[in-house]
Amino acid sequence: MREEQQALFFRQLGATLKSGMGLGHAVGLSIGEIPRRERAAWQGVMRRLERGYSLRDSWQGVQSQFSGWAIALMEIAETSGALVIVCGDIAETLGEMAARRRLIRGMILRTFLMFWSWGMVFKLIWGGGNFTKDLAMTGLGLAIALLIFFALAFTWQPLRRGLRHLPPLRGITQLQTLIHLGYLQLPLDCGLPLTAAIAWLGQGFPDLDLQRICQRVEPQIRQGTDLTTAIAPYFSPMVLQIIRSGETAGTLPLSFSQIRQYHERELSRRFTLLRVQILLLSLLSFGLFVAILGATMIQSIFQQLDGL
């Protein structure tokens, strides 16, 4: 299921559980948006839940429909008795992820159009200002090449790692890592120990930098190192100060929530600024493209008239 559908499911599940319904009945009322072809597996889930089976044993057949971190968190919440709270947290988190994904898709489309238009401008200039019949084929070939590049950027790890270090993307990548760090609030709210929460975070999110940090930090915390000292080499003084305050006051979940909310606002601001910059560059390139194309067409017409 898409993140929006998952968010709706968990939101409805939390509301029905809050009203006092049993878990099996609540799940049955929450699958209204699930496609009919997938509901047969859910009937088995509801029967097992109504018979007293645990979540881990009941919904193995439908786990592929959800994000892995959400499934793991629900199983933790069932053990700690925090299902109602965690369903709401998961729904909110999935909604935030869906919104960020829409922003990223919009940025990718705008970037694609910007590169394509600048490529066509350079084609016209490189061609000496002559209007050629292969202009349409050049545009199609450039579009296909850009599509292949963007596809590889998301699927080929060496290219993906390289792009993460480019100046415009490096800041966005760092902000996303900090937002993912803020998701430690979710397992901590369930009462999970910090070491187990860090292990959950390192395995649950496709963030290469965060996975590497969690792998290095978890053994130190198991040996008794406090969290602020363990993560000090990887995060800014502001983030460390927020976490130190949470450790001192015993409010780490709140601290991670503050980290997430602050950097979500910063990421939204960064996306807005980048969107404006790309829009201006795209307008400039399209303007140049139309101007050069118009000039070459007029020149071609005058040359044909002179030939007559």
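Draft legend 1. Structural detail: the environment of Tyr262. On the secondary structure map, Tyr262 appears in helix 15 (residues 252-307). Tyr262 sits in the partly exposed class, given a relative accessible area of 36%. Measuring from C-alpha to C-alpha, the distance between Tyr262 and Ala230 comes to 22 Å, with 32 residues separating the pair along the chain.

Draft legend 2. Local environment of the pattern of salt bridges. Taken as a whole, this structure holds 10 salt bridges when the rule is applied. Note that Glu4 and Arg2 form a salt bridge whose closest N and O atoms lie 3.9 Å from each other. When its relative accessible area of 34% is taken as the criterion, Glu4 is described as partly exposed. Owing to a relative accessible area of 53%, Arg2 belongs among the exposed residues under this scheme. Within this structure, Arg2, Glu4 and Arg102 form a network of salt bridges that share partners.

Draft legend 3. Helix 14 (residues 237-249), seen in detail. In this model, helix 14 (13 residues) spans 18 Å end to end at C-alpha, consistent with the 18 Å of a helix rising 1.5 Å per residue. Immediately beyond the C-terminal end of helix 14, within one or two residues, lies Gly250, with a positive phi of roughly 75 degrees.

Draft legend 4. Layout of the nonpolar core. Ranked by internal contacts, the top residues of the largest apolar core, which has 78 residues, are Phe10, Leu13, Trp69, Met74 and Leu227. A per-element tally of this core places helix 6 (residues 83-126) first, with 13 residues.

Draft legend 5. Spatial organisation of the packing of aromatic side chains. Within the structure shown, the criterion is met by seven aromatic pairs. Three or more aromatic residues joined by ring pairs make a cluster, and in this case those are Phe9, Phe10 and Phe66.

Draft legend 6. Here's a closer look at the packing of helix 1 (residues 3-18) against helix 6. Interhelical geometry of helix 1 versus helix 6 gives an angle of 160 degrees and a closest axis separation of 8 Å. As far as their axial angle goes, helix 6 and helix 1 are roughly antiparallel. Helix-helix and strand crossings are classified by hand; for helix 1 and helix 6 the assignment is left-handed. Within the contact between the two elements, helix 1 uses Glu3, Glu4, Gln6, Ala7, Phe10, Arg11, Leu13, Gly14, Leu17 and Lys18 and helix 6 uses Leu83, Val84, Cys87, Ile90, Ala91, Leu94, Gly95, Met97, Ala98, Arg101 and Arg102.

Rules of the game
- Residues numbered from 1 in each chain as written.
- Predicted model: local features only at pLDDT ≥ 70, side-chain atom pairs only at ≥ 80, totals over all residues.
- Heavy atoms only, no water.
- Helix = DSSP H or I, 4+ residues; strand = E, 2+ residues; numbered from the N terminus.
- Buried < 20%, exposed > 50% of the residue type's maximum accessible area, 1.4 Å probe, protein only.
- Salt bridge = Lys/Arg side-chain N within 4 Å of Asp/Glu carboxyl O.
- Expected span 1.5 Å × (residues − 1).
- Core = buried A, V, L, I, M, F, W, Y, C linked by side-chain atoms within 4.5 Å.
- Phe/Tyr/Trp six-rings, centres within 6.5 Å; stacked < 30°, edge-to-face > 60°.
- Axes fitted to C-alpha atoms, helices over the stretch in contact; angles between N-to-C directions.
- Parallel < 35°, antiparallel > 145°, perpendicular 65-115°, else oblique.
- Left-handed = near helix turned anticlockwise from the far one by under 90°.
- Contact = heavy atoms within 4.5 Å.

Keep in mind that these numbers describe shape and distance, not what the molecule does.
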